[in-house]
Amino acid sequence: MASNGLINKAILLVGGKGTRLLPLTKETPKPMLRIAGAPVTEHQIRKAQRAGITEIVLSTSYLAEVFEPYFGDGSRFGVSIKYAVEETPLGTGGAIANGAKLLDLKDSEAFFIFNGDVISGHDLAAQAELHRSKRAEVTLLLTRVKDARQYGCVPVDETGRVIDFLEKMDQPIADTINAGCYIFQREVLDQIPDGEVTSIEREIFPKLLSQRKSLFGLVDEGYWIDMGTPEAMLRASRDLILNPITNLGAAPSQDSLIHQGAEVDNSAEINDGSFIDNGANVGSNVTISGSIVAENAIIEANSVVIDSYIAPKSRVISGSRIEGEIFGF
């Protein structure tokens, strides 16, 4: 039995192109971008493993070939990993249906689905318990936001039952939004057309509600971030380093994270949750705050880097000031 009391299988949706993160995603898929010492997907896998999940399917599409060389069969992370590759993108619904073929699900078995670009501190066991106690067919993670206009909203009643799925609107009727982590009963897969482009959010969930299926939402007030933009990615990396989130397994709280393969001059000041990756070289009297310095980048002496992403193998020349930039592409 999984430590979440119920569920030991999951699909991780990592097929997105990450267009809002360009140029970072030109040669690296969004879920493989490195934050706080590891690819986003690794942070998610380690959280899942600690919650008792033992089997994970990575549902891939864009630059699918980069995942398996890094994660292998999953044994290094204490799980079994398989790879479902979409030859053409199938949308969230199609990706779930495609990935589920590799899970060998039993009748009435439940499984998790994680969006590959979301970092969340919520308790997977609490979501599983709500799913079990309500005998739900789908249980969504919901989070509260100050302004739901850019997301669309998911109102729930006092019992947590989902009332509706509403598109973006000028005056949202609720502050709860879909936070990108679901539990499905296997039977829900029967509602998803095989091999077709399908949106779980815009097509399948509203269809299930129209059929009066049992959909519930766990409203979590904890940490949540959609890593859709470079600014959000930098913020997620800082957050994981400065205030490691329950169950995510980032390094112990510290002011910065410096890979053991990086070279940093003793006079350099690295702070505010900065991450210096493998092979990076940071020169004398350099200040780096709230930034990511990617693999094999060089920061020459007397430079200042603030709230920025320094691309792999790029060079910041001596005396430069880089602030709020995506540098080196």
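Our structure's up above, just so we're on the same page.
All chains use their own residue numbering, which begins from 1 and follows the written sequence. Local features in this predicted model are restricted to residues whose pLDDT is 70 or higher, and side-chain atom pairs enter the listing and the counts only when it is 80 or higher, whereas totals over whole chains, interfaces and linings include all residues. As a convention, hydrogens and water are excluded, and side-chain values are obtained from all of the structure's heavy atoms.

## As for the overall build of the protein chain
Stage number 1. Assigned secondary structure in the protein chain consists of 6 helices and 24 strands.
Stage number 2. Counting only C-alpha atoms and orienting by the principal axes, one finds that the protein chain spans roughly 65 × 45 × 35 Å.
Stage number 3. Residues classed as buried in the protein chain amount to 53% of the 329 residues present.
Stage number 4. Of all intrachain contacts in the protein chain linking residues separated by at least 6 positions in sequence, the fraction that spans at least 24 positions is 56%.
Stage number 5. For the protein chain, the exposed area adds up to about 14700 Å²; of that, 45% sits on carbon and sulfur atoms.
Stage number 6. One finds the centroid of the 31 positive side-chain charges in the protein chain at a distance of 3 Å from the centroid of its 44 negative side-chain charges. Going along the chain from the N terminus, every DSSP run of H or I of four or more residues is numbered as a helix, and every run of E of two or more is numbered as a strand. To sort residues, take the accessible area from a 1.4 Å probe on protein chains only and compare it with the maximum for the residue type: under 20% means buried, over 50% means exposed, and anything in between is partly exposed. Residue contacts are defined here by distance: any two heavy atoms, one from each residue, within 4.5 Å place the two residues in contact. Residue exposure ignores everything except the shown protein chains as possible cover, and the areas themselves are Shrake-Rupley values with a 1.4 Å probe. Counting rule for charge: Lys and Arg are taken as positive, Asp and Glu as negative, and neither His nor the chain ends is counted. A charged residue contributes its charge at one atom only: NZ of Lys, CZ of Arg, CG of Asp or CD of Glu.

## A few points about the side chain of S61
Stage number 1. In this structure, S61 sits in the loop between β4 (55–60) and α2 (67–71).
Stage number 2. Residue classification places S61 among the buried residues on the basis of a relative accessible area of 16%.
Stage number 3. What S61 contacts, discounting residues up to four positions off in sequence, is G15, E86 and P89.

## Considering the layout of surface pockets
To find leftover empty space, a probe the size of one water molecule is rolled over the atoms.
Stage number 1. Roughly 1500 Å³ of volume is contained in the largest pocket.
Stage number 2. Lining the largest pocket are 49 residues; nearest its centre among them are R20, N115, D117, E201 and D226.
Stage number 3. Elements that contribute at least two residues to the lining of the largest pocket include exactly α3 (91–100), β9 (176–185), α5 (200–210), β11 (224–226) and α6 (230–242).
Stage number 4. The dominant element in the lining of the largest pocket, judged by the number of residues it contributes, is β9, at 5 residues.
Stage number 5. Gly counts as polar in this scheme, as do all residues outside two lists: the nonpolar Ala, Val, Leu, Ile, Met, Phe, Trp, Tyr, Cys and Pro, and the charged Asp, Glu, Lys and Arg. Taken together, the residues of the lining of the largest pocket break down into 21 nonpolar, 17 polar and 11 charged.
Stage number 6. Put simply, the second largest pocket is a space of about 470 Å³.
Stage number 7. A cavity, in this analysis, means grid points on a 1 Å lattice covering only the protein atoms where a 1.4 Å probe fits yet has no way out; a pocket is instead an open set bounded by protein on both sides within 12 Å along at least five of seven lines, and a residue lines either one if it has an atom within 4 Å of a point. Lining the second largest pocket are 18 residues, and of these L24, T28, L33, Y309 and P312 lie nearest its centre.
Stage number 8. Here the lining of the second largest pocket is built from residues that sort into 12 nonpolar, 1 polar and 5 charged. Grid points are joined across faces, edges and corners, and a volume is the space filled by probe spheres set on the points.

## Details of the pattern of salt bridges
Stage number 1. Salt bridge criterion: a side-chain nitrogen from Lys or Arg within 4 Å of a carboxyl oxygen from Asp or Glu. One pass over the full model with this rule turns up 15 salt bridges.
Stage number 2. Note that K101 is salt-bridged to D194, the shortest N-O span being 2.9 Å. Of this pair, K101 sits in the loop between α3 and β6 (110–115) while D194 sits in the loop between β9 and α5, placing them 93 residues apart in sequence. Grouping residues by exposure puts K101 and D194 together as exposed.
Stage number 3. Residue R321 is joined to E323 by a salt bridge in which the shortest nitrogen-to-oxygen separation is 3.1 Å.
Stage number 4. A cluster of three or more residues bridged by salt bridges with shared partners is formed by D107, R186 and D190.

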